[in-house]
Structure formats: C-alpha cells, structure tokens
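As a plain string of letters, each chain reads:
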Amino acid sequence: MATSLLSHIKALSLLIFLLLFIQHHGRAQHLFGNPFPFSGEGFLNQGQGQGQGASFFPKFPFFTFPNYPPPTTGDGGDDGVATPGASTPADSSDPNAQFDPSANPDLETNFKGKWAIVSKNSGVSGMHIIVLPNNKVIMYDASAFRISDIKLANGVCVPFKDKATNKELQDCWSHGVELDVINNAKIRTLKLLYDPWCSSGGLAVDGTLVGTGGWDDGVKTVRYLKPCDTCDFQEYQTALADPRWYATQINLPDGGFLVVGGRRAYSYEYVPPAGKSNKKANFLSLLDETTDLDENNLYPFVHLSTDGNVFIFANNRSILLNLDTNEVVRELPALPGGARNYPASGMSALLPIRLDLRNKRNGVVPAEVIVCGGARHDAYGLAGRGTFVPALDDCNRLTITDPKAIWRTETMPSRRVMGDMLILPNGDLLIVNGAKLGTAAWWFAEEPNFAPVLYRPDKPVNNRFEELERTDIPRMYHSSAAVLPDGRVLIAGSNTNPGYNYTAKYPTELRVEAFTPPYLAPELRKHRPEITPETAAAAAKLGYGQRFEVLFRLRGPRVSTAEIKVTMYPPPFTTHGYSMNQRLVVLDKEEVARVARGQYRVVVAAPPSAVLAPPGYYLFFVVYRGVPSEGIWVRIK
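Thresholds applied
- Residues numbered from 1 in each chain as written.
- Predicted model: local features only at pLDDT ≥ 70, side-chain atom pairs only at ≥ 80, totals over all residues.
- Heavy atoms only, no water.
- Helix = DSSP H or I, 4+ residues; strand = E, 2+ residues; numbered from the N terminus.
- Contact = heavy atoms within 4.5 Å.
- Areas by Shrake-Rupley, 256 points an atom, 1.4 Å probe, with all protein chains shown as cover.
- Pairing = 2+ DSSP bridges.
- Axes fitted to C-alpha atoms, helices over the stretch in contact; angles between N-to-C directions.
- Core = buried A, V, L, I, M, F, W, Y, C linked by side-chain atoms within 4.5 Å.
- Buried < 20%, exposed > 50% of the residue type's maximum accessible area, 1.4 Å probe, protein only.
- Salt bridge = Lys/Arg side-chain N within 4 Å of Asp/Glu carboxyl O.
- Phe/Tyr/Trp six-rings, centres within 6.5 Å; stacked < 30°, edge-to-face > 60°.
- Lys NZ or Arg CZ within 6 Å of the ring centre and 35° of its normal.
- pLDDT = per-residue confidence, 0-100.

In the nomenclature of an unreviewed UniProt entry, the protein chain is known as 1,4-alpha-glucan-branching enzyme of Trema orientale.

J.: How should I be thinking about the overall build of the protein chain in this particular structure?
T.: Along the protein chain, the regular secondary structure elements total 4 helices and 49 strands. Long-range pairs, those at least 24 residues apart, make up 66% of the contacts in the protein chain with a sequence separation of at least 6. Carbon and sulfur atoms make up 52% of the accessible area of the protein chain, which totals about 24,500 Å².

J.: Can you walk me through the sheet that holds strand β22 (residues 347–350) in this structure?
T.: Backbone hydrogen bonds are what pair the strands of a sheet, in a parallel or an antiparallel way. Taken in spatial order, the 5 strands of this open sheet run β2-β27-β26-β24-β22, and their pairing is mixed. Two strands in the sheet have a free side with no partner beyond their single neighbour: β2 (87–89) and β22. Neighbour to neighbour, the strand axes of the sheet diverge by 25° on average, direction disregarded. Pairing analysis gives 4 bridges linking β22 to strand β24 (residues 368–372), with the strands arranged antiparallel. Within β24, the residue paired with L350 across the bridge is V369.

J.: Would you take a moment to explain the nonpolar core for this structure?
T.: In a soluble, globular protein the nonpolar side chains are often hidden away together inside. Ranked by internal contacts, the top residues of the largest apolar core, which has 138 residues, are V137, W197, L209, I370 and F620. Top element by residues in this core is strand β47 (residues 616–624). It accounts for 7 residues. With 17 residues, the next largest nonpolar core counts L252, Y266, L287 and I312 among its residues.

J.: Explain unusual backbone geometry to me, please; I cannot follow it from the model alone.
T.: As a rule of thumb, non-glycine residues mostly have phi less than zero, and peptide bonds are mostly trans rather than cis. The residue after Y342, namely P343, is reached through a cis peptide bond having omega 5°. With respect to the helices and strands, the residue P343 is situated in the loop between β21 (327–332) and β22. The backbone phi angle of R146 is positive, close to 55°, even though this residue is not glycine. On the secondary structure map, R146 appears in the loop between β5 (137–140) and β6 (158–161). Phi angles above zero are rare outside glycine, and A185 is one such case at about 55°.

J.: Explanation requested: the pattern of salt bridges in the structure shown.
T.: Side chains bearing opposite charge may pair, as long as their charged atoms lie close to each other. The full count for this structure, using the stated rule, is 32 salt bridges. Residues R317 and E289 are paired through a salt bridge, measuring 3.0 Å at the closest nitrogen-oxygen approach. Here E289 lies in helix α2 (residues 285–289) and R317 lies in strand β20 (residues 317–322), a separation of 28 residues in the sequence. Residue R317 is classed as buried on the basis of its relative accessible area, which comes to 19%. Assessed through its relative accessible area of 37%, E289 is described here as partly exposed. Close ionic contact of R511 with E509 constitutes a salt bridge, the shortest N to O distance being 2.8 Å.

J.: Any chance you could explain the sheet that holds strand β17 (residues 282–283) here in plain terms?
T.: Taken in spatial order, the 4 strands line up as β14-β15-β16-β17 in an open sheet, and their pairing is antiparallel. Of all the strands in the sheet, just β14 (248–251) and β17 have a single pairing partner and so form its edges. Where strand β16 (residues 267–270) meets β17, 2 bridges bridge the pair, whose relative direction is antiparallel. Its bridge partner lying in β17, S267 is registered against F283.

J.: Where do I start with the packing of aromatic side chains in this structure?
T.: The way to describe two aromatic rings as a pair is by their centre distance and the angle between their planes. Within the structure shown, the criterion is met by 25 aromatic pairs. A centroid spacing of 4.8 Å and a plane angle of 45° characterise the contact between W115 and F515, whose relative ring orientation is tilted. Of this pair, W115 sits in strand β3 (residues 114–119) while F515 sits in strand β36 (residues 512–516); the two residues are 400 residues apart in sequence, bridging distant segments of the chain. Here the two residues W115 and F515 agree in accessibility, since each one is buried. Ring centres of Y455 and F465 lie 4.9 Å apart, and the angle between their planes is 50°; on these two criteria the pair is classed as tilted. With Y455 in strand β32 (residues 453–455) and F465 in strand β33 (residues 465–467), the pair connects residues that are 10 residues apart, well separated along the chain. Judged by relative accessible area, which is 1%, Y455 ranks as buried. F465 gets classed as partly exposed once you look at its relative accessible area, which sits at 22%. Its end group placed over the ring of F160, R146 keeps NZ or CZ at 4.0 Å from the ring centre. For the cation-ring pair, K151 lies above W173, with the distance from its terminal atom to the ring centre recorded as 4.7 Å.

J.: Got a minute to help me understand the confidence of the model for the protein chain in this structure?
T.: Parts of the model with low pLDDT should not have their predicted coordinates read in detail. Of all residues in the protein chain, 87% have pLDDT values of 70 or greater, and the mean over the chain is 89. Per-residue pLDDT stays below 50 along residues 1–40; that stretch engages in 75 contacts with residues further than four places along the chain or on separate chains. Confidence over residues 42–84 falls short of pLDDT 50; this stretch has 88 contacts with residues more than four positions distant or in other chains.

J.: What am I meant to see in the pairing of β47 here?
T.: For β47, the tally of buried residues reaches 8 of 9 residues, placing the bulk of the element in the interior. With 6 bridges connecting them, strand β40 (residues 564–569) and β47 associate as antiparallel partners. Of the residues in β47, the one forming a bridge with Y569 is L619. In this sheet, strand β49 (residues 632–636) lies alongside β47 in antiparallel orientation, the contact comprising 5 bridges. Residue pairing across strands places F620 opposite I632, the latter belonging to β49. Pairing analysis gives 2 bridges linking β47 to strand β48 (residues 627–628), with the strands arranged antiparallel.

Structure representation (structure tokens):
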C-alpha cells in the first residue's frame, strides 16, 4: 500500500511540474531532455566512464529517472503531427539555377573515393571544427566532464568549483586542440575557461575564430582565437544577452556576426565588440512557435540570402528576415515530412551562388537552399523509450529569392540523421556521417550510415546522387567534417557518451580521417589545375567588383572557357551536422586564353558586394571540368 501511494505521489508531482513548466515557458519541451538546464543530450545516465559519477547532474527532488528496456528498432507508428505546406517531386521541367547549358560535362571516373587515417589520436573529440587561414584545423569539445585524452601543455590547469561537493578543483585536461594536417598531424593544446559545449562560431574578417555560447558558465560567452602558432583563446563570459546553447552563428555583410536561437532563447542578437556586453536580444516568434515537445528547432539553419535578407529555418518552417527593419519579409512554405533541426538533426546548405550565369531575376542573383534528412517529429521521444524510427531520406530544394517558391523533393540513396553536408570546391555537395535510425542526443541513434553520398546539384533529376566508398568508423552524434585546402575532406569526432568512454557500443572516437573525393582520382591528377604563385600573391587581397587575372597551369588538350569555373569558399564552422556560414561563390569570368604551352589566363570578377560574399577569408579554386586545383587563401573586404 505504501509503495503504491508513493508511486501515485511521484506521478502527481511529475504532472504538476509539467503543467507549471508549460505555463511558464509558453511552449512544452520534452519532459526528460529539455526542461532542465543541465541536459538535452538524452536521458540522464547512472554513471560515466573514467571515474565520472552521476553526481555531475543535479538531483530532481520528486522522482528518479526510469530504467528503460534495451533499445529496439522499428517505425514506431505515425507521429500524429500535422506538417502543413507542400512539396513537389523534382522533375526535368524544374528550374535549376545551378545548370549551365554552355558548360562541358565533368570528367568521368569510376573512383568512389578513399579513406585514410590522418591522426590516430587527436586528444580531443571533434565536436566543433573549423579550418583557419593558416591551414590549421581547430577542434574542441565540451569541458563539462573535465576529461579528454590529452593534458594542457606545461602543467597548466583551469580552476573550477565542483557543484556536487562545492570544492575548488583543477582541470588539467585540454578540451581544444589545433591540428596541423600538413605537418604530420601535429597537435597543440588550447585552453578554454568557459564551457563551449554545443556552441557556435565563425571566422572574423581578419581570420580570427569567434565562438559564441555554450553551456553552464559558457552560455553567454564570446571567445576569440587568432590564427598564430602561440595564440590561445581569449574569452568574455558575459558578452551575450540571451543564453546560446545550440545556437547558430553567421557572418554579415558589415563584417559582424548574427547569433540565432539556442535552448529557450527565442531571439537573435549581434556579437558585440570584444569586451562589450549586449543588454537585450531581438525576440523571434518563429523560434517560439516551432518549439514542439521535443524542441526540434535548435541549431536552426541560417543562411544570408543574395537579396540581403536572412533565411531562418526551424523545425519545418522558414522565413526571410530583414535585419534593417527587424521584420519578417516573407514566410516560406512549410516543409512536410518531419522535423529537420536538433534533435531531429537534418542537414542544410545554400547551393552555389552562380555569378557566372548572369541569371538575375529582378536584379537579384538566385539563392537556393537545400534541406536533407532529419527525423519524424516524435522520433526523439520514441528513442528515449527504446524505439529508433527510420530517419528521413528526402532532399528538398527551395529558391528562397522566388516569391512563389515551392519545395522540390528528391530521394537520397539512404536515410540519414545527424549527417554533415559540405559544399565541395567544384560545386558538388558531400553528405557524410550520421545514422539511419533515431535522432541526435546520447544513445538516441542506431545503424551508422557508413556510406558518403555525392550530390551534384547541376545534374538532371534522378541523376544527382552517387554513393561513395564506405568508411568502417561509425560517425554518430557529435561528429564533424571540414573541407581542406587540398580538396580532401577531414572527418572527426563521434561521441554518444557523456565524458570519454572507449568501451561503449559507439565509443568516444579520437581518430581523424581524410576522405579523398572522386575528383581526386589517380587518373584525374593530370587534369588538375595548378594556380601559379604569381596569382596567389596578386589575389591575396581583393576588393568587391575587382577584376583580376588568374594564371594556372594545366596539362593536356587546349582548354576552352566553358570548361573552367573559378570558385570562392569561406571555411565554415561545423558542429552537430550543420556547417555555419557555408557558401560557394562561382565567379563571373571572361574568356580563357592560352599564354604558353600548358599555361592559361582567365580574367575574373570578385563578388560585386558583401551581400553575396561577406568580408573575410576564402579558399579560392580553379576548376577544370569538375576537377579543382588546390585552394589558395584570399581575403576580400
């Protein structure tokens, strides 16, 4: 009798808490994952590896978390969530802003790519990743668990207070590293004072990494890391007005940054100057309205459109926001089929901006967004109860500059949640990492998706996807990826566990791989352009609209203008399956001229405005029939 009464009291207490929470916050959030400021990575564990006990998490006074049975797989039934809006299957009659009727076809190869280990132990799991203009790769993880696989150099430690015991302790582990891919994957440790767990970031105009938000003591932090051999993070803990955990950051035409969303942060704000603090943020109703029981709108997809507005996609809805007036210019059609943002964690990119096609409409270069994968709206809750439902398998394109835009839908070769989508130097997209069942969060996914997929946006419908060589390393939750200047793709991370656990089903992964895409096939090496040192020096600093000569070497038959593209790519900040500030600009060009045997000149125009290419550092490529040169760094402002 006493046991039954106690059970009823616990249940009643839980119900009262939920009702009070909904009343206070306006939008219900997932009961176990979201109301608490310390979780959101899945159900709370009862113990961690390497001596990290469950005391890390505060105790809730009225109930203990249930012990769920071992996970199973299945479709879980219908999620019962209405998803308004419409999409149309893509077909050959669809307008395609990527298609160039004058271009010669890409060179063909049967090469499906190649995997190689770059580092057997990066020391830190690569939750966040970005390439700096000095060719160094920055990776960092959460510091909450006070553990990694590498200590800070020179005996340095960071003081902190243990919340369970209230004792002052020292954290001597490194939670960030600089990886020198060129120099034998040499590692330099970095010191982080305030937790960057699930944060956001991007490169400033001068190449400095600017990171925003995080968790706990890092939730309102802005951190800076300059690209130099001895630089370390400089952090300002109270810079932001709202907490930014699972937020998105993008570069703006004025050289500043916009930060959007985050857990219970239904707002956006601008990153203040170093050492300054914001007093308030701007409320954004879209983020409030799209927060469902499982949230499904964290790490919103944010892209700077070619018309100067900002595209914001959350859950299954999107808008164009005018930052000058703080008004919504237009709400775009909802995307049916499921949810696309964390924890449903689909992928998104702004397709290449084709300045070379001169296909402006009403004076605006078309901007087209792609959104792929994700999960059903109820997938997170079902995963928490042990049922992993199949991820979504669709890819959807929307021309956001078209007032009458509709979603055009295609089907991927396989289902994917938590994947990464990177724009390659030749304009193709690489889809990699993730799982086929479940959602993001600790232990909430199964069946790793080992096969990368190449997506060619300028190809005819039904001929755009190609599955590539599989890896044998599961890259699940907290994986990341980055395009390297040499055209390879760096793959890091995967940690579905709190702390560092090397014996779990999907253990903490410290190996770093490089994937060689098909355009680097051995038989295509002779067709790879080489940008001359003279061009690298002349193009290092560019002005908007500037016309300049690009000299490159290329063996083989004489090259025609239609066979060459020149592209610019700013290195994005990638975490949780989303590459922030990613865009590829295909430059306008004049006729390609042969100046000597195997050497050519093409005159190109830098992007005409900062709306099309925000100021800062870009990787610059010459592409011959789909085969890119090595990238050189240029800076435009």
